[in-house]
Amino acid sequence: MLLFNLRYIAKRIVRFWRRQLHRKNLFLLLSVIPFTGLTIAILGTWAFIEVADEVLEKQTQTLDRAILLAIEDWHRPILTFLMQSFSIIGGTIVVTLIALGAGIFLWRRKQKVEFVAFAITAIGGTCLNLMIKQFFDRSRPEIWEMTNKEPQTSSFPSGHAMLSLIIYGFLGYLLANHYHRWRWWIALGTILLVSIIGFSRLYLGIHWPTDVAAGQAAGLTWLAASILGLEIRWRRDALRRKKS
């Protein structure tokens, strides 16, 4: 629910600087604030890499394996079908199509601020995931046979977990902002969706638990920075309209 309270945080930031600075200086400051979101994402990534060092040293291997073996006991045909479906929903093809569709929708509605923010969020998140994978060469689990063919890329972090959280999380935030009355249901649905997608990767034996946890942590960092940047932009535009 924290992401859906970022609007309140952004309001407090703007109000504080309005009290402290002249409007001209405020405008210049708020032009820089969106870049602060990128700084937060970089610092969050640095912290993520520090924690991931334990994965590189294989200090989590025992726990990872124990969790997957426990999940294996839950395997049922109907549950396998459901987990495969959610894995596809969080996959590259579906996420890309949804992102393109959402981008076209925002552009046609002339919501250029939201379009640019979403494009930066999606493209930046994808690049961040690929960049992190370059630092890690972790093999995928081989505890049991994979239920679908996966590319032989680094298992760490989970791209499904990271990118589904970024894309669906950002779209969920936009929906919650537009349909304010249903914001908590939208938030709950978004959280459940990205959580099940992450779990599906464990159920199918395609990722280690720490892969999914790391992917969601990195995704949350980038998503939070992106949303905060969007909120600050909204506040800045509101101030400019009020001034004119």
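Read on for an overview of the structure.

Conventions and cut-offs
Residues numbered from 1 in each chain as written. Predicted model: local features only at pLDDT ≥ 70, side-chain atom pairs only at ≥ 80, totals over all residues. Heavy atoms only, no water. Helix = DSSP H or I, 4+ residues; strand = E, 2+ residues; numbered from the N terminus. Buried < 20%, exposed > 50% of the residue type's maximum accessible area, 1.4 Å probe, protein only. Contact = heavy atoms within 4.5 Å. Areas by Shrake-Rupley, 256 points an atom, 1.4 Å probe, with all protein chains shown as cover. 1 Å grid on protein atoms, 1.4 Å probe; cavity = no way out; pocket = protein on both sides within 12 Å on 5 of 7 lines; lining within 4 Å. Points joined across faces, edges and corners; volume = space filled by probe spheres on them. Nonpolar A, V, L, I, M, F, W, Y, C, P; charged D, E, K, R; others polar. Axes fitted to C-alpha atoms, helices over the stretch in contact; angles between N-to-C directions. Parallel < 35°, antiparallel > 145°, perpendicular 65-115°, else oblique. Polar contact = N/O pair within 3.5 Å; in protein donor to acceptor, adjacent residues only side chain to side chain.

Okay, the overall build of the protein chain next. Each helix and strand counted, the protein chain has 9 helices and 0 strands in total. Traced from its N-terminal end to its C-terminal end, the protein chain shows the element sequence α-α-α-α-α-α-α-α-α. The 244 residues of the protein chain split such that 43% are buried. Counted over contacts in the protein chain with a minimum sequence separation of 6, partners at least 24 positions apart contribute 82%. Surface summary for the protein chain: the accessible area is close to 14,300 Å², and the carbon and sulfur share equals 65%.

With that settled, the discussion passes to the layout of surface pockets. Its boundaries defined by the atoms lining it, the largest pocket holds a volume of some 770 Å³. What lines the largest pocket is a set of 33 residues, among which Gly91, Thr92, Val95, Thr96 and Leu163 lie closest to the centre. Those elements giving two or more residues to the lining of the largest pocket turn out to be helix H4 (77-89), helix H5 (92-108), helix H6 (112-135) and helix H7 (159-178). Of the residues assigned to the lining of the largest pocket, the class counts are 16 nonpolar, 13 polar and 4 charged.

The interhelical angle for the contact between H7 and helix H8 (residues 183-203), taken along N-to-C directions, is 170°, at an axis separation of 9 Å. One finds that H7 runs roughly antiparallel with respect to H8. Along the contact surface, H7 presents His160, Ser164, Leu165, Tyr168, Gly169, Gly172, Leu175 and Ala176, while H8 presents Arg183, Ile186, Thr190, Leu193, Val194, Ile197 and Arg201. Within the contact of H7 with H8, the residues separate by chemical class into 8 nonpolar, 5 polar and 2 charged.

This brings us to unusual backbone geometry. Backbone geometry at Lys110 places phi at a positive 60°, although glycine is not the residue there. Lys110 gets classed as exposed once you look at its relative accessible area, which sits at 69%.

Relative to the elements of secondary structure, His207 occurs in the loop between H8 and helix H9 (209-243). Given the relative accessible area of 1%, His207 is considered buried. Looking at His207, its side chain comes within polar contact range of the side chain of Arg140, at 3.3 Å. Within the structure, the side chain of His207 is placed 3.5 Å from the side chain of Asp211, a separation counted as a polar contact. With sequence-adjacent residues up to four places away left out, His207 is seen in contact with Leu68, Arg140, Pro141, Ser155, Pro157, Ser158, Gly159, Arg201, Leu202 and Val212.

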